[in-house]
Each structure stands twice: as C-alpha cells, then as structure tokens.
Amino acid sequence: MSVPDRAQADDASLQDAAGTWHGEKPNILWIMIEDWSTDLSCYGTPLVHTPNIDKLADQSVRFERAYTTSPVCSTSRSAMMTGFHQNYIGAHQHRTKDKQPLPFGIKPIPNLLEEAGYFTATMASGKTDCNFQTPKPLFMGKSWNERTDDQPFYVQATLAGTHRSFVRDPQRPIDADKVKLPPYYPDTPLARRDWANGLETVQVVDRQVGELLQQLEDDGLADNTIVFFIGDHGRCHIRGKQFLYEAGVRIPLIVRWPKHIKPASVSDELVSSLDISQTILKLAGAKPAHPLHGKYLFGGDVVEREYVHFNRDKMDSTHDVIRAVRGERYKLIHNLMPERAYCQLNHYKEKSYPMLALMNVLNMQGKLNDAQARFMADSKPEFELYDLDSDPHEINNLADDPKFTAIKAELLAEIVRWRKEVKDIGVTDEFRDGGWSSKYPTKSLEAWQVELAEWEQALLVDGKASRSRKNKKKSRKTK
C-alpha cells in the first residue's frame, strides 16, 4: 500500500509538475520537542499521558519508523535546516566553534521559503543551533502574527522542556514502581524514578503543544496550516542521545494537513527527518539550487526507499566516529574508533544522567548482566548488526555470526557508498588525537559512588527530578 493511499496527501489541484501553484499556499508550523523518542501514548507507551499530541495524531498521519540523521541537536538540526546530511555540508561536529558558510551555494530552508514569499519565524524557545554561518538571519520574526495578512508563514517552534534537566508533573505523577525499563538498564528504584521523571516531563510539554495548537485554532489558521510534530533526535538517556541505537535516532513524526491528509492514518515506511525539509519546499513551491537529500513524504520515492542513514561524530569535545544504516529489518553500526569506550568522558552526560552514575558503580562492582555491562566496556566491536524485528532493543550483535555474512556485507557496502556520496572524511589523525581524555573508566568507584549518592538523595529522598546547582558544582570537583 502506497503512502498516498494511506495518507491521502493530495496537492495535485494546488501545484502542477513545474511547481506552479494554482491554489492557496499552505502555512507551515513545524513543532520540535527536544531529546525525545516515541515515548508518547499515541505510540503505545504505557503510563504516560499526552492527550494533546494524541489528539494531533488522531487528525494526522503518524509515521512509525521515522529517524533523524544524527543523535544530537546541532548536527541533526543543521541537516533539517538545509535538507542535506550534516557531513555533506561540513556541519557534523557537535558544538562547532569555527563555523563555516554552507558549501555549494546551499541556502537554509527558511531563506528559501522567504524567497518563495513566506514569512518565517521562530516561536517558543526560538532555538536554531546550527553548525554553519548564515549570510542573513535565518528567520524574519517571532510569531505568525507579525506577517502581512495575505502572506503564508513558516514557523518553527521548539519546546525545550524534554531536554535535561527533567521536571516533575504535579498534575499527573507517575508511579515509578509501575515503570517497565528496557533490558539494557538495571531495574533499580533510581533507574525507574529517572525514567518516570522523563515521562512526567513530556506530559508537561504536551500541555505546551496543546496551547500552541489552540493558538493556531483561535487565530483562524488551522485549516490551511500543515503541522509537523517531531523530536529533534532520540531520548536523553544513557545509550540513547549521542548514539545510533534506536533510542538515539528514532523519533516521533506526526503530520496534519486538514482536507489533504486522512486523519488517524499510520505509515510504516522508512522516513528521514530530511524528508520534512524536502516536503516543505515542495509544498511551498520553493526552488533550491541543488537537489536535496530527502524525499517527498507523500510520494512513491518514500515507498521505494531501502535504507536510512545516521551518523555520529564529535559530541562536545568527546571524540568518536560511528556510522550506521538500517534497512527494512536489519541495522549495521560501524564503529570507526572501536578502541574508545562507549562511555568515555562527556561532561554533559556525567553531570546530567543519574543512570550513568548508577551503571558505572554497578559495573565496577560486577553487578550488571551481560546486556547491561556491554555498554560499559572499555572498547567497542568494530561492527554491530541487529535484527530489529526480533531484537528491537539491539542487544544481540549478529555481526560475527556466519549466517548473517551476506546481510552484513550488503549493509556495509551501502555505508561505503553513502560515505562517498556525502564526502565523509571519517577519522583523521588530528581528530583521533584531540578532544577530552579517552581514559576509561573516567572516575574511580569511590568518585562514582559520591555521584550516585547525590542522585539518590535528589530523586528518591527529596522527590526532585534533578540535582541542585550546588550539588552539580560539587560533582565537578570529583572529576
């Protein structure tokens, strides 16, 4: 069944093959929540209550297998803001200090939409976080109400609440004893409480989504506005954000366009966040100078897609390079720096993730099972191959199993082809020698136990969702 059959996206009466419009251009509202995967009630997550996002999904097409190109914000957003893989445009190093102009005459999506007659704006946090220089501002304003009456708008709204630190939801607290954790986490009170706090946080953000959509309705704009709802990358938990497992790159994607998309429809096609960029430019009649890397969400190209790609490079000053591709069933991860630990030093994670302290302590004490301890090892296998149908948590590495030699070879050839296409430089000697220390473990058992005790006090005794600023300062002194 094709995507147009499933979603009934019909722009034929509005735009001809040459891109000339014969109807009213749609307004575009792109809502991004930070650091969040598909942990929403409309995706089947138990305990969490997200009625506003659920209502949006009931009016929309919900994509079951949507992915970002990167597991961290600045690189993922750089790709979405241009429609090109971040490596192709030199924006693949998170927190780039020496930002460069975009190559090849590429222009950011908002600038192309401005040229096409759109008023562009950012709302909510206004976060853009791109790893490139822009010759002009990305956006023209901060609200759709700033435009002229007859001007279509493109608004990007980022809701930052799901970024660490988490918050508690006094309106609808979640019982941590009822939480079910992925099997790669130890099932302890601290782990369950931290997971529950994340779910409570997204409930708070859900109400913000509802307020934004209500504002669109109150202003009389909902009927001619296509709404995209997305996460900018996967969940901010250990083994999620910064890594290429499903938890780090799989995202929610919900698209509503009244009278053009069949309500409460579901797509199981493989889609990329780059497809949103392509779709927006097509619907707006904008003219990029170069063909984008994404595909039109409601066209046959998405149905025929065989693979989606994602990659990880520098995270802050943590140096690692990982490439991955997934097809219909299997995912291959290529660790280009296998000598590095998964959990080598990253200051952001060490001060923000209680489960990182927990797992370091339990690992040093020999109390993790094999699936949990594997992520705490002092090195990585060069290749990881997973059957996502039978092993959705990506625990059983099939890369060295002779029965899967052909599948591994096929996916590796696709990674090699893609790397050539996007001009990926991989690992240089300078990169390998740079960054924060790769010494592992990063702290002694005693130092990690101090960290763990602070987290247990904050989450389990004080009932908070994060440590206080004072405690965070104390924890840095133990590094």
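This text goes with the structure placed above it.
In this text the structure is predicted, and so the values were computed from the model without any measurement.

A. Fine view of the packing of helix H5 (residues 189-218) against helix H14 (residues 445-461). The interhelical angle for the contact between H5 and H14, taken along N-to-C directions, is 55°, at an axis separation of 10 Å. Considered as vectors, H5 and H14 are oriented oblique to each other. Both H5 and H14 take part in a crossing whose hand is left-handed. Contacts between H5 and H14 involve Pro 189, Leu 190, Arg 193, Asp 194 and Asn 197 from the first element and Leu 452, Trp 455, Glu 456, Leu 459 and Leu 460 from the second.

B. Quick peek at the side chain of Arg 312. Its place among the elements puts Arg 312 in strand E8 (residues 308-312). Buried and unpaired, Arg 312 has Asp 320 as its nearest opposite-charge partner, separated by 4.6 Å. One polar contact links the side chain of Arg 312 to the main-chain carbonyl oxygen of Gln 242, over a distance of 2.9 Å. Those residues in contact with Arg 312 that lie beyond four places of it in its chain are Pro 71, Gln 242, Phe 243, Leu 244, Thr 318, Asp 320, Val 321, Ile 322 and Arg 323.

C. Quick look at a negative patch on the surface. A grouping of Glu 217, Asp 218, Asp 219 and Asp 223 is seen on the molecular surface, where their side chains present a negatively charged patch. By secondary structure assignment, the location of Asp 218 is in helix H5. For Asp 218, a relative accessible area of 57% translates into the label exposed.

D. Examining the state of the cysteines more closely. Enumeration over the complete set of coordinates arrives at zero disulfides. With no disulfide of its own, Cys 236 lies 11 Å from the sulfur of Cys 73, the closest cysteine sulfur. Under the relative-accessibility criterion, Cys 236 is labelled buried at 0%. Among the cysteines around Cys 343, which has no disulfide bond, Cys 236 carries the closest sulfur, lying 15 Å off. For Cys 343, a relative accessible area of 9% gives the class buried.

Conventions and cut-offs
Residues numbered from 1 in each chain as written. Predicted model: local features only at pLDDT ≥ 70, side-chain atom pairs only at ≥ 80, totals over all residues. Heavy atoms only, no water. Axes fitted to C-alpha atoms, helices over the stretch in contact; angles between N-to-C directions. Helix = DSSP H or I, 4+ residues; strand = E, 2+ residues; numbered from the N terminus. Parallel < 35°, antiparallel > 145°, perpendicular 65-115°, else oblique. Left-handed = near helix turned anticlockwise from the far one by under 90°. Contact = heavy atoms within 4.5 Å. Buried < 20%, exposed > 50% of the residue type's maximum accessible area, 1.4 Å probe, protein only. Lys, Arg positive; Asp, Glu negative; His and termini not counted. Salt bridge = Lys/Arg side-chain N within 4 Å of Asp/Glu carboxyl O. Polar contact = N/O pair within 3.5 Å; in protein donor to acceptor, adjacent residues only side chain to side chain. Patch = residues over 30% accessible without salt bridge, like charges linked within 9 Å, V, L, I, M, F, W, Y side chains within 5 Å. Areas by Shrake-Rupley, 256 points an atom, 1.4 Å probe, with all protein chains shown as cover. Charge placed at Lys NZ, Arg CZ, Asp CG, Glu CD. Disulfide = S-S within 2.5 Å.

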